[in-house]
Amino acid sequence: METLTKVAPKNTPDSSPKKKGRKPADLLSNDEFIKGLWRENPVFVQVLGMCPVLAVTNTAENALAMGLATSFVLLMSNVLVSSLRNFIPKEVRISSYILIIATFVTIIDYVIQSISVELHKSLGAFISLIVVNCLILSRAEAFASKNTIGKSVSDALGMGMGFTFALLCLGVVRELLGSGSIFGWQLMMDNFQTWIIMILPAGGFFTLALWLLLFNGLQLKKSK
């Protein structure tokens, strides 16, 4: 009788177990987060939301509060729009997005009022105007309604932090030159002559123009 012997298969490069690496799709969330901070910054690149950018950045505190409020509304509206993207009829999608955004704006309005009445008065009607902020509505229509919740969260966090960063850049410069302080802390000497124009609406235009010049100059230098 012939004896059958089993030969163990040799490990060839094709048959050896391969380590699973990260797929390109796994990096999309990080990419969506980073793009809002720099490559597609909502203020310095897309020039969106100019109303609060120019109006409430006369102090760093107002700029930070408006940035965080807008980021909260952007995050929550992105999550809800992405969750309901398959259930909202296309014919009424814009109205539905505005209703969702208005709901979270009302929430943040009461939150700010409960934390600080003075801050609420300083921001004034610009809290309610977050409803019509083109940044939030554009991210809901262009991104959240077409992507998963995870990607929508990354997009909202990146755009929100980019928006807050831009507002802080303007607010710090305007308060420092216009009042000699940052977040209420006096930094300049007593004999420093404040630039009153920096805390006026015209100062917002001047400061924004300088930051746009600097930001675009850095991007051009990086692309070369």
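Criteria and thresholds
- Residues numbered from 1 in each chain as written.
- Predicted model: local features only at pLDDT ≥ 70, side-chain atom pairs only at ≥ 80, totals over all residues.
- Heavy atoms only, no water.
- Helix = DSSP H or I, 4+ residues; strand = E, 2+ residues; numbered from the N terminus.
- Contact = heavy atoms within 4.5 Å.
- Disulfide = S-S within 2.5 Å.
- Buried < 20%, exposed > 50% of the residue type's maximum accessible area, 1.4 Å probe, protein only.
- Axes fitted to C-alpha atoms, helices over the stretch in contact; angles between N-to-C directions.
- Parallel < 35°, antiparallel > 145°, perpendicular 65-115°, else oblique.
- Left-handed = near helix turned anticlockwise from the far one by under 90°.
- Nonpolar A, V, L, I, M, F, W, Y, C, P; charged D, E, K, R; others polar.
- Core = buried A, V, L, I, M, F, W, Y, C linked by side-chain atoms within 4.5 Å.
- Polar contact = N/O pair within 3.5 Å; in protein donor to acceptor, adjacent residues only side chain to side chain.
- Phe/Tyr/Trp six-rings, centres within 6.5 Å; stacked < 30°, edge-to-face > 60°.

Draft legend 1. Up close: the environment of F163. On the secondary structure map, F163 appears in helix α7 (residues 149–179). Distance from F163 to G49, taken between C-alpha atoms, is 8.7 Å for residues 114 residues apart in sequence. Non-local contacts of F163, meaning those with residues more than four positions away in its chain, are made with P42, V43, L48, G49, P52, V53, G67, T70, N133 and L135.

Draft legend 2. Here's a closer look at the state of the cysteines. Inspection of the entire model under this criterion finds zero disulfides. With no disulfide partner, C51 has as its closest neighbouring cysteine sulfur the one in C134, 9.7 Å distant. On the basis of relative accessibility, which here comes to 38%, the residue C134 falls in the partly exposed class.

Draft legend 3. Region of the structure containing the packing of α7 against helix α8 (residues 201–223). Between α7 and α8, the shortest axis-to-axis distance is 10 Å and the interhelical angle comes to 120 degrees. Taken as axis vectors, α7 and α8 run oblique relative to one another. Between α7 and α8 lies a crossing whose hand is right-handed. Contacts between α7 and α8 pair C169, L170, V173 and R174 from the former with P201, G203, G204, T207, L208 and W211 from the latter. Within the contact of α7 with α8, the residues separate by chemical class into six nonpolar, three polar and one charged.

Draft legend 4. Main features of the nonpolar core. Counting 39 residues, the largest nonpolar core has V43, F44, V53, V73, I112, L123 and I130 as the members making the most contacts within it. When neighbours within four sequence positions are excluded, I130 is seen to be in contact with M66, A69, T70, V73, I101, V105 and I136.

Draft legend 5. Molecular detail of the side chain of S71. Within the secondary structure, S71 sits in helix α3 (residues 60–83). With a relative accessible area of 16%, S71 lands in the buried category. At 3.2 Å, the side chain of S71 and the side chain of T164 are in polar contact. In this structure S71 touches G160, M161 and T164, once residues within four positions along its chain are discounted.

Draft legend 6. Here's a closer look at the packing of aromatic side chains. The final tally for this structure, using the stated rule, is three aromatic pairs. An angle of 35 degrees between the planes, with centres 5.1 Å apart, marks the rings of F44 and F215 as tilted. With F44 in the loop between α1 (28–37) and α2 (50–55) and F215 in helix α8, the pair connects residues that are 171 residues apart, well separated along the chain. On the basis of an interplanar angle of 85 degrees and a centroid distance of 6.3 Å, the ring pair of F72 and F104 is categorised as edge-to-face. Remark: F104 occurs in helix α4 (residues 93–115) and F72 occurs in helix α3; sequence separation between them is 32 residues. For F72, a relative accessible area of 28% gives the class partly exposed. Connected via pairs of aromatic rings, a cluster forms that spans F44, W211 and F215.

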